[in-house]
Amino acid sequence: MAIGSPDKAARMEQLRTYARCQVWSGYRPDAQIRAELLEAVADEVVDPDEAKGLANQYVDAAEADLIAAAADWPDPTSFGRLQQVFADLEQAGVVVLQAVDDHWTADEELRRRHEQGHQPAGLAFFTHTDVWHAVQHGMLELNVWHGSTANVAPGDELLELAVDRLAAHGFDSAFDEGRIEVTIDWQRRPTEGP
């Protein structure tokens, strides 16, 4: 173990948090979450039955917590309002990608559209890890690019459009280092799409 690295108990707690972030984000199917978590737990727990039991326990607990919390959430939830923001942006010609693996996915989508002869007004996207950060810390980083893949900058109409649409649906946001930081209490019921 490296100096200053977390001990096994701390690493197991990180895996519990990882399960919560995955379940609450709502972007991956249950089987995938359980398989990925089992793989991670198996790095810490040698006995395969114990590892499987812990992985399932962490996912089951996160699902139970989500169901309990969702009972008190408003309608629409913050996730529902976020989908309204994205619908508004798409109406304005902005492509929206949710929970992608990385910025390369966004870049590929713009290239694909250009090859088909389409020039979107822009593209807004966030990654899986951005969602996990929102689940854990209440802030979603939303990347907004022009159709050319250039980041938006202060004074850009595209940036103003995105910030305006967020505000119209009740979200505070701030532009920082090429991204819009959206304050959001991540509320996504297990039944909510897209």
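Calculation notes
- Residues numbered from 1 in each chain as written.
- Predicted model: local features only at pLDDT ≥ 70, side-chain atom pairs only at ≥ 80, totals over all residues.
- Heavy atoms only, no water.
- Helix = DSSP H or I, 4+ residues; strand = E, 2+ residues; numbered from the N terminus.
- Contact = heavy atoms within 4.5 Å.
- Pairing = 2+ DSSP bridges.
- Axes fitted to C-alpha atoms, helices over the stretch in contact; angles between N-to-C directions.
- Buried < 20%, exposed > 50% of the residue type's maximum accessible area, 1.4 Å probe, protein only.
- Parallel < 35°, antiparallel > 145°, perpendicular 65-115°, else oblique.
- Nonpolar A, V, L, I, M, F, W, Y, C, P; charged D, E, K, R; others polar.
- Expected span 1.5 Å × (residues − 1).
- Arc of directions from axis to C-beta.

1. Regarding the side chain of H128
- Mapped onto the fold, H128 is located in helix α6 (residues 128–137).
- Those residues within four positions of H128 in sequence are excluded, and the remaining contacts are Y27, R28, A99, V100 and D101.

2. Observations concerning the sheet that holds strand β4 (residues 173–176)
- Ordered in space as β1-β2-β3-β5-β4, the five strands form an open sheet in which the pairing is mixed. Only two strands of the sheet have a single partner each, and these edge strands are β1 (94–100) and β4. Each strand axis lies, on average, 25 degrees off the axis of its neighbour in the sheet, ignoring direction.
- Its contacts with the sheet put helix α5 (residues 103–115) on β1, β2 (122–127) and β3 (139–146), and the angle it makes with β1 is roughly 145 degrees.
- In the packing of α6 onto the sheet, contacts are made with β1, β2 and β3, and the angle to β3 comes to roughly 145 degrees.

3. Points about the environment of V59
- Along the chain, V59 turns up in helix α3 (residues 48–70).
- Here V59 falls in the buried class, since its relative accessible area comes to 0%.
- Each C-alpha atom, one on V59 and one on L15, is 9.9 Å from the other, the two residues being 44 residues apart in sequence.

4. Considering the packing of helix α1 (residues 8–25) against helix α2 (residues 30–42)
- At their nearest, the axes of α1 and α2 sit 11 Å apart, and the two run at 170 degrees to each other. Put simply, α1 runs roughly antiparallel to α2. Facing α1, whose interface residues are M12, L15, Y18, A19, Q22 and V23, α2 presents I33, E36, L37, A40 and V41.
- Of the residues contributing to the contact of α1 with α2, the split by class is nine nonpolar, one polar and one charged.

5. Quick look at the pairing of strand β5 (residues 179–183)
- Residues I180 and V182 line the buried face of β5, whereas the alternating positions R179, E181 and T183 sit on a face that is not buried.
- Bridging between β3 and β5 involves five bridges; their strand directions are antiparallel. In the strand pairing of β5, M139 is matched with T183.
- Sheet topology places β4 next to β5; four bridges connect them, and they run antiparallel. What sits directly across from A174, in β5, is E181.
- From the end of β4 to the start of β5, which pair antiparallel, there are two residues, and E177 there has a positive phi angle of about 50 degrees.

6. Some thoughts on helix α7 (residues 157–168)
- With 12 residues, α7 ought to run about 16 Å at 1.5 Å a step, and its terminal C-alpha atoms sit 16 Å apart, in line with that.
- Listed as buried for α7 are L158, L159, A162 and L166. Within α7, the buried residues cover an arc of 105 degrees as seen down the axis, which keeps them to one side.
- Residues of α7 that are buried make contact with α4 (78–91), β1, β2, β3, β4 and β5.
- A positive phi of about 85 degrees marks G170, the residue just after α7.

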